[in-house]
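Listed below are the residues making up each chain.
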Amino acid sequence: MNILILGSGGREHSLAWAVMQNPKCDRLIVAPGNAGIAQIADCAALDIENGGAVVSFAEENTIDFVIVGPEAPLAAGVADRLREAGILVFGPSAEAARLEASKSFTKEICDAAGAPTAAYARFTEAEPAKAYVRQQGAPIVVKADGLAAGKGVIVAMDEATALEAVDDMFGGAFGGAGAEVVIEEFMDGEEASLFVLCDGENILSVGTAQDHKRVGEGDTGLNTGGMGAYSPAPVVSPEVEERAMEQIVRPTMAEMARRGTPFQGVLYAGLMIKGGLPRLVEYNVRFGDPECQVLMMRLGAQALDLMHAAAEGRLDEARVNWADDHALTVVMAAQGYPGAYEKGSVINGMDELPEGSSHMVFHAGTKAQDGQIVASGGRVLNVTARGATLQEARDNAYAMVEAIDWPGGFYRRDIGWRAL
Ligand code: AMP
Ligand code: GLY
């Protein structure tokens, strides 16, 4: 099979790494890719949100299977264009991608599916939204409806913060994403994510993970795209997973199919778990980043077979071969992230690191320059390891982190603390 992966982050590096291990992969191109991906696959410049350009590129390169990494091309209908052109693709249609692209759509589906989630109300104007905040009181959660790169959610512990968030959103702080605002009941509990492949009808769990969204140790400071992750998530016991499948994932998938917009791809269910009862926080329609890195490290080559089965509607035949293992990834980010950060600092010490089925440094934001690897993004490296226990995975990952010589970067030293 000739395979094309769309995307350029650590998630796509880990997808490429897993796919390359599968003998069914004859040729792999990643567009646009990054310096780490270029070490294992061909990279090509391509406007991945332009469906026409992606179809032409796939046809010119006799691609048999396309795997879409990030949400933006999905929301832009790239998977639809590929399907129309008869090219096999892993990733949902634009209609099904609304499970991530619109928070009010997700709420509507949860209502129809009877899936447990936070009580909510939606608004298109500031005054009624503020009246609702005053009536409900804090803590309360204010969300811009559309895609806002993970920044459109304010968890307000007091009323003033919530009122200010409403004004900011309707004032255009998140552009078009904030034209509609969802206000939600605050849920407390422990967060974890469940990843499920769907082929429109059948579903298959491919693992659980927890990430660390805050920039600082002890889960303090600003929100980020994720500073580290581990899999499995101990809080998602087999009973919790079964409950989440039965009460949340299965009814959601059935409702999408009933509406004539079946979901095909990976559904990322963000859960809030309290007393063994999961409630839905949000859906994403792609693998998490950095959660994908730990899932791929555990799944390895079979990830390709599973995604291929989902794309071909054969998930009922597919099984995951689970090893009794754990994986953990530590994100190394550029000093200043998630605020302003410098690009171009040189990273040394990576040549001597172990690489293989239990150790891998996935690149998230790097560039090759004059024979060296330099930082080119906020989140730069995902140092990932596997072990028989979470402690072993963590020790292995941090041993690699410590061998990396990058004065321009920083990382959290406590990834996994909640589970250890
Ligand atoms: P989202 O973009 O919907 O994942 O929201 C970002 C983060 O905000 C989540 O990962 C949660 O930590 C938090 N969050 C979102 N909705 C709620 C809620 N209803 N109650 C408590 N925390 C929430
Ligand atoms: N790590 C969170 C996300 O990918 O949305």
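Residues numbered from 1 in each chain as written. Chains lettered and ligands numbered in written order. Predicted model: local features only at pLDDT ≥ 70, side-chain atom pairs only at ≥ 80, totals over all residues. Heavy atoms only, no water.

## So, the site of ligand 1
Inspection of the region around ligand 1 gives 15 residues, with Glu184, Glu185, Met187, Glu191 and Glu282 positioned closest. One nitrogen or oxygen atom from the side chain of glutamate 184 is found 2.6 Å from a nitrogen atom belonging to ligand 1. In this structure, glutamate 191 approaches ligand 1 through a side-chain N or O atom, which is 2.4 Å from an oxygen atom. Coverage of ligand 1 by the protein chains reaches 88% of its 470 Å² of free accessible surface. Where the shell around ligand 1 is concerned, the elements lending two or more residues are strand 7 (140-144), strand 8 (153-156), strand 9 (181-185) and strand 16 (277-284). For the shell around ligand 1, the class distribution of residues is eight nonpolar, no polar and seven charged. (Near = heavy atom within 4 Å. Polar contact = N/O pair within 3.5 Å; in protein donor to acceptor, adjacent residues only side chain to side chain. Areas by Shrake-Rupley, 256 points an atom, 1.4 Å probe, with all protein chains shown as cover. Helix = DSSP H or I, 4+ residues; strand = E, 2+ residues; numbered from the N terminus. Nonpolar A, V, L, I, M, F, W, Y, C, P; charged D, E, K, R; others polar.)

## A short note on the pairing of strand 1 (residues 2-7)
Of all six residues that make up strand 1, six are buried, and the element is covered over most of its length. Across six bridges, strand 1 lies against strand 2 (residues 27-32) in parallel orientation. Bridge pairing in strand 2 links asparagine 2 to arginine 27. Here strand 1 pairs with strand 4 (residues 65-68) via four bridges, running parallel. Residue pairing for strand 4: isoleucine 3 is matched across the bridge by phenylalanine 65. (Buried < 20%, exposed > 50% of the residue type's maximum accessible area, 1.4 Å probe, protein only. Pairing = 2+ DSSP bridges.)

## Regarding the sheet that holds strand 2
Taken together, five strands build an open sheet; the order of strands is 3-2-1-4-5 and the sheet is parallel. Of all strands in the sheet, those with a lone pairing partner are strand 3 (42-43) and strand 5 (88-90), marking the two edges. Two strands pair when backbone bridges link them, and strand 4 and strand 5 are joined in this way by three bridges, in the parallel orientation. When the bridges of strand 5 are listed, phenylalanine 65 appears paired with leucine 88.

## A short note on unusual backbone geometry
Residues alanine 138 and proline 139 are joined by a peptide bond in cis, for which omega reads -5°. On the secondary structure map, proline 139 appears in the loop between helix 7 (126-136) and strand 7. Residue proline 232 is bonded to the preceding serine 231 through a cis peptide linkage, with omega at 0°. Among the secondary structure elements, proline 232 is positioned in the loop between strand 14 (228-231) and helix 9 (238-258). For threonine 62, which is not glycine, the phi dihedral falls at a positive 40°. Secondary-structure assignment places threonine 62 in the loop between helix 2 (51-60) and strand 4. With relative accessibility at 52%, the residue threonine 62 sits in the exposed group.

## Comments concerning the packing of helix 7 against helix 8 (residues 159-170)
Between helix 7 and helix 8, the least distance of the axes is 10 Å, while the angle of their chain directions is 165°. Considered as vectors, helix 7 and helix 8 are oriented roughly antiparallel to each other. Here helix 7 and helix 8 pass one another in a crossing that is right-handed. Contacts between helix 7 and helix 8 pair Ala126, Ala129, Lys130, Val133 and Arg134 from the former with Glu159, Ala162, Leu163, Val166, Asp167 and Phe170 from the latter. Tallied by class, residues from the contact of helix 7 with helix 8 come to seven nonpolar, no polar and four charged. (Axes fitted to C-alpha atoms, helices over the stretch in contact; angles between N-to-C directions. Parallel < 35°, antiparallel > 145°, perpendicular 65-115°, else oblique. Left-handed = near helix turned anticlockwise from the far one by under 90°. Contact = heavy atoms within 4.5 Å.)

## Here we look at the site of ligand 2
Lining the immediate surroundings of ligand 2 are Asp211, Gly225, Tyr268, Asn284, Arg286, Gly288, Asp289, Pro290 and Glu291. One of the backbone N or O atoms of glycine 225 is found 3.1 Å from a nitrogen atom in ligand 2. For ligand 2, an oxygen atom lies 2.9 Å from a polar atom in the side chain of arginine 286. Residue composition of the shell around ligand 2, grouped by class: two nonpolar, three polar and four charged.

## Details of the packing of aromatic side chains
Inspection of the entire model under this criterion finds seven aromatic pairs. With 6.4 Å between their ring centres and 25° between their planes, phenylalanine 90 and phenylalanine 287 make a pair best called stacked. One end of the pair, phenylalanine 90, is in strand 5; the other, phenylalanine 287, is in the loop between strand 16 and helix 10 (291-299), with 197 residues separating them in the sequence. Taken as a pair, phenylalanine 90 and phenylalanine 287 share a single burial class, namely buried. With a centroid separation of 4.8 Å and 65° between ring planes, the pair formed by phenylalanine 195 and tyrosine 268 is classed as edge-to-face. Of this pair, phenylalanine 195 sits in strand 10 (residues 190-199) while tyrosine 268 sits in strand 15 (residues 264-274), and the two are 73 residues apart along the sequence. This pair shows no difference in class: phenylalanine 195 is buried, exactly as tyrosine 268 is. An aromatic cluster of three or more residues is present, and its members are Phe90, Phe195, Tyr268 and Phe287. (Phe/Tyr/Trp six-rings, centres within 6.5 Å; stacked < 30°, edge-to-face > 60°.)

## Focus on helix 2
For helix 2, the set of buried residues is Gly51, Val54, Val55, Phe57 and Ala58. In an axial view of helix 2, the angular spread of the buried residues amounts to 165°, which keeps them on one side of the axis. Where the residues of helix 2 are buried, they touch strand 1, strand 2 and helix 4 (78-84). N-capping of helix 2 is provided by asparagine 50, with a side-chain oxygen placed 3.1 Å from the backbone N of glycine 52. (Arc of directions from axis to C-beta.)

## Some words on the nonpolar core
Among soluble globular proteins, nonpolar side chains are generally buried collectively. Of all hydrophobic cores here, the largest spans 50 residues; its most connected members are Leu4, Leu6, Val66, Leu82, Leu99, Val249 and Met253. For this core, the element with the highest residue contribution is helix 9, accounting for seven residues. Residue contacts for methionine 253: discarding those within four places in its chain leaves Leu99, Cys198, Ile203, Phe263 and Leu267. With 44 residues, the next largest nonpolar core counts Leu15, Val30, Met297 and Met307 among its residues. (Core = buried A, V, L, I, M, F, W, Y, C linked by side-chain atoms within 4.5 Å.)

Bear in mind that shape data such as this cannot, by itself, settle questions of function.
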